[in-house]
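Read off the chains here:
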Amino acid sequence: MRVVVFGLGYVGSVTAACLAEAGHHVVGVDLARPKVLAVRRGLAPLAEPGLASLISEVVDAGRLTATTDAVRALNDADVAVVCVGTPSAPNGALFTGFVEEVLGQIGAFLEQHPEGRHLTVVVRSTLLPGTTERIVAERMPDPAGGRYSVAYCPEFLRESSAIVDFGHPPFTIIGTDDDVALAAVTDLFDSVAAPVRQVSIATAESVKYASNAFHAVKIAFANEMARFADAYDVDADALMAVFVEDKMLNVSARYLRPGASFGGSCLPKDVRALIHAVRHADVAAPLLESLLPSNASHTRRLVDHVLSLGWRRVALLGLAFKSGTDDLRESPYVDIAETLTGKGVEVRIFDEVVNPAELVGSNESYIRLRLPHLERLLVGSRAAAITGADGIILGSDRAPEGVLLDAGVPVLDANTPARHWPQLALSRI
């Protein structure tokens, strides 16, 4: 394929060189003449292990060159890959001016050459969800004519290992609903050893932010645990070496799905104890200290949504912190029931496992303190809870498929993201 890569920074230089190595004919475009001249001479425009030799190889083979002239580069292009920077603005916002300028140049080219070959525009610059489609709508012609198609494909390149990362990413994310763009991008990255995942453009944009935020969380977490370990004369390296051996829970997909707040007998109390310990040792651990407030705000969001819907009679299905247990300690559903009851909402609770007469020890003590009138709120069946309700909060109780749908009552599933919750238009009052 004939490919134009806009931007010869870290991402663009590596992308251009690797695509050329894969057999594509690539032209790099950049306004900085020193970068363009370096590539033309077979030199790397920046320091990255392996990049200099790779650029020299593909330039000598005639598959990579560079220019400052975007129009000349686009004349025979099948694909335009946008890799320009999106730095932070002084206020922390994302600066998208370089992407807007490049897409504007591509848009102007398409308008001036309406009869040219179809162009697939692939944006790799890091952008917040909705940004690619907004800029395309503002800067490019109406796509109805079929002259071009758009995809967003985030990159997962780490500086100092970018060439290896290009060829072996965790996946190839293709954000598009256009079959032509999907086929073109699939061909473009055919040499990449990774599974392909087609998603919406906004989802593809979001994946990069979720990934980088989680990487930042992991680094901050490891460093806070190291400070905690140092304060208590524990070998931090040994601690984390054992920690990462757990691929079942610690380093895995577990607990990384949107859902209800955490609760139960372990997580809240252990986080609380850890925070107390680091404070006692005068150790800064802002990430750890944010966990409980973040968890509480997630619970509060659900309560606020129920109140905004105007539900005055609510069926809460499942009171324990997770299904299959009667452990009510620090259950988010206990907090939900307590708060809604305090706001004057009539709450009827069904949990097929929870029996107040069988609660013992700290479990009994907790519920007597937080929800002393539990017996008055519990009912003996799902039907009894749902009858006459304005809405259902689906907590830890997982009813057989179809039971709730047949009830004719809006369902707010606490274990799904808020976008799936009922909106005001669905309220029965």
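Chemist: How would you sum up the overall build of the protein chain? Please name residues and give values.
Modeler: Secondary structure assignment for the protein chain yields 16 helices and twelve strands. Taking 2.2 N^0.38 as the reference for a compact globule, 429 residues should give roughly 22 Å; the C-alpha atoms of the protein chain span a radius of gyration of 28 Å, well beyond that estimate. By its C-alpha atoms, the protein chain is 80 × 60 × 40 Å across when sized along the principal axes. Taking all 429 residues of the protein chain together, the buried fraction comes to 44%. A fraction of 72% describes how many contacts in the protein chain between residues 6 or more apart in sequence connect residues 24 or more apart. Just so you have it, the protein chain exposes about 21400 Å², and 55% of that area is on carbon and sulfur atoms.

Chemist: Got a sec to walk through the state of the cysteines? Specific residues and values, please.
Modeler: Tallying each qualifying case throughout the model produces zero disulfides. Looking at Cys153, it has no disulfide partner, and the nearest cysteine sulfur is the one in Cys83, 10 Å off. Taking the relative accessible area as the measure of exposure, Cys153 reaches 2% and is therefore buried.

Chemist: Quick one: what's the story with the pairing of strand S4 (residues 79-82), residue by residue and with numbers?
Modeler: Here S4 shows two buried faces, one formed by Val79 and Val81 and the other by Ala80 and Val82. Where strand S1 (residues 2-6) lies against S4, four bridges are found, and the strand directions are parallel. Counted as the bridge partner of Phe6 is Val82 from S4. Bridge analysis of S4 against strand S5 (residues 119-123) gives four bridges, and the strand direction is parallel.

Chemist: Outline the packing of aromatic side chains, listing residues and values.
Modeler: For the structure shown, the criterion picks out five aromatic pairs. An angle of 70° between the planes, with centres 5.4 Å apart, marks the rings of Phe156 and Phe171 as edge-to-face. Pair noted here: Phe156 is in the loop between strand S6 (148-152) and helix H7 (162-167) and Phe171 is in the loop between H7 and strand S7 (172-175), with a separation of 15 residues, a long-range link. Between Phe228 and Tyr232, the ring centres sit 5.4 Å apart and the planes meet at 45°, which makes this aromatic pair tilted. For Tyr232, a relative accessible area of 36% translates into the label partly exposed.

Chemist: Talk me through helix H12 (residues 286-309); I want residue IDs and the actual numbers.
Modeler: Between its first and last C-alpha, H12 extends 35 Å over 24 residues, near the 34 Å set by a 1.5 Å rise per residue. The axis of H12 is deflected most strongly, by about 30°, at Leu292, and proline Pro293 appears within four residues downstream. Those residues of H12 not exposed but buried are Leu288, Asn295, Thr299, Leu302, Val303, His305, Val306 and Leu309. Of the surrounding secondary structure, the elements contacted by the buried residues of H12 are helix H9 (201-231), helix H11 (267-280), strand S9 (313-317), helix H13 (332-342), strand S11 (391-394) and strand S12 (411-413).

Chemist: Hey, could you go over the nonpolar core for me, with residue numbers and the actual values?
Modeler: Membership of the largest hydrophobic core comes to 37 residues, with the highest contact counts inside it found for Val3, Val26, Leu64, Val81 and Phe166. Elements that contribute at least two residues to this core include exactly S1, helix H1 (10-21), helix H2 (33-40), helix H3 (51-60), strand S3 (64-67), S4, H7 and helix H8 (179-188). Broken down by element, this core gets its largest block of residues, six residues, from H1. In this structure Leu64 touches Ala16, Ala17, Ala20, Val26, Val39, Ile55, Val58 and Val59, once residues within four positions along its chain are discounted.

Chemist: Provide a residue-level description of a negative patch on the surface, including the pertinent values.
Modeler: The grouping of Asp230, Asp233, Asp235 and Asp237 at the surface amounts to a negative patch. Tracing the backbone shows Asp230 in helix H9. For Asp230, a relative accessible area of 56% puts it in the exposed group.

Chemist: Quick rundown of unusual backbone geometry? Include the residues and the values.
Modeler: A positive phi angle, close to 55°, is found at Asp233, a residue other than glycine. If you trace the backbone, Asp233 turns up in the loop between H9 and helix H10 (236-243). Given the relative accessible area of 74%, Asp233 is considered exposed. At Tyr255, a position not held by glycine, the phi torsion is positive, near 70°.

Chemist: Talk me through the environment of Pro169; I want residue IDs and the actual numbers.
Modeler: The topology assignment puts Pro169 in the loop between H7 and S7. Its relative accessible area of 14% is what places Pro169 among the buried residues. Taking the C-alpha atoms as reference points, Pro169 and Leu157, twelve residues apart in sequence, are found 7.9 Å from one another. Setting aside its immediate chain neighbours within four residues, Pro169 contacts Val192, Ala193 and Ala194.

Chemist: Pulling in residues and values, what's your account of the pairing of strand S8 (residues 196-199)?
Modeler: Pairing of S7 with S8, which is carried by four bridges, proceeds in the parallel orientation. The residue of S8 that forms the bridge with Ile174 is Gln198. A crossover connection joins S7 to the parallel S8 through H8; in handedness this β-α-β unit is right-handed.

What counts, and where the lines are drawn
Residue indices begin from 1 for each chain and proceed along its sequence in written order. Given that the model is predicted, a residue must reach a pLDDT of at least 70 before its local features are reported, and side-chain atom pairs must reach 80 or more before they are shown or counted; all residues, however, enter totals for whole chains, interfaces and linings. Side-chain figures throughout are based on the complete set of non-hydrogen atoms in the structure, without hydrogens or water. By definition, any uninterrupted DSSP run of H or I lasting at least four residues is a helix, any uninterrupted run of E lasting at least two residues is a strand, and each is numbered from the N terminus. In this setup the radius of gyration rests on C-alpha atoms only. A globule is expected at 2.2 Å times the number of residues raised to 0.38. Summary of the burial criterion: residues with accessible area below 20% of their type's maximum are buried, those above 50% are exposed, and those between are partly exposed, where the area comes from a 1.4 Å probe applied to protein chains only. Any pair of residues with heavy atoms lying within 4.5 Å of one another is described as a contacting pair. Method for areas: the Shrake-Rupley scheme with a 1.4 Å probe, in which residue coverage is limited to the protein chains shown. Working definition: a disulfide is two cysteine sulfur atoms within 2.5 Å of each other. Strand pairing is defined by DSSP finding a minimum of two bridges between the two strands. By convention, a stacked pair of Phe, Tyr or Trp rings (six-membered ring in the case of Trp) has centres within 6.5 Å and planes under 30 degrees apart, an edge-to-face pair has planes over 60 apart, and any other such pair is tilted. Here a helix's expected span is defined as the number of its residues, less one, multiplied by 1.5 Å. Bend angle per residue: angle between axes fitted to the 7 residues ending at that residue and the 7 residues starting there. Side-chain atoms within 4.5 Å are what join buried Ala, Val, Leu, Ile, Met, Phe, Trp, Tyr and Cys residues into a set we call a nonpolar core. Nonpolar side chains (Val, Leu, Ile, Met, Phe, Trp, Tyr) are joined into patches within 5 Å and like charges within 9 Å, using only residues with over 30% relative accessible area and no salt bridge. We define a salt bridge as a contact between a side-chain nitrogen of Lys or Arg and a carboxyl oxygen of Asp or Glu at a distance within 4 Å. Counting rule applied: Lys, Arg positive; Asp, Glu negative; His and chain ends not counted. To locate a charge, the coordinates of NZ of Lys, CZ of Arg, CG of Asp or CD of Glu are taken. Place the viewer so that the strands point away; then a crossover is right-handed whenever the path from the first strand over the helix to the second strand goes clockwise.

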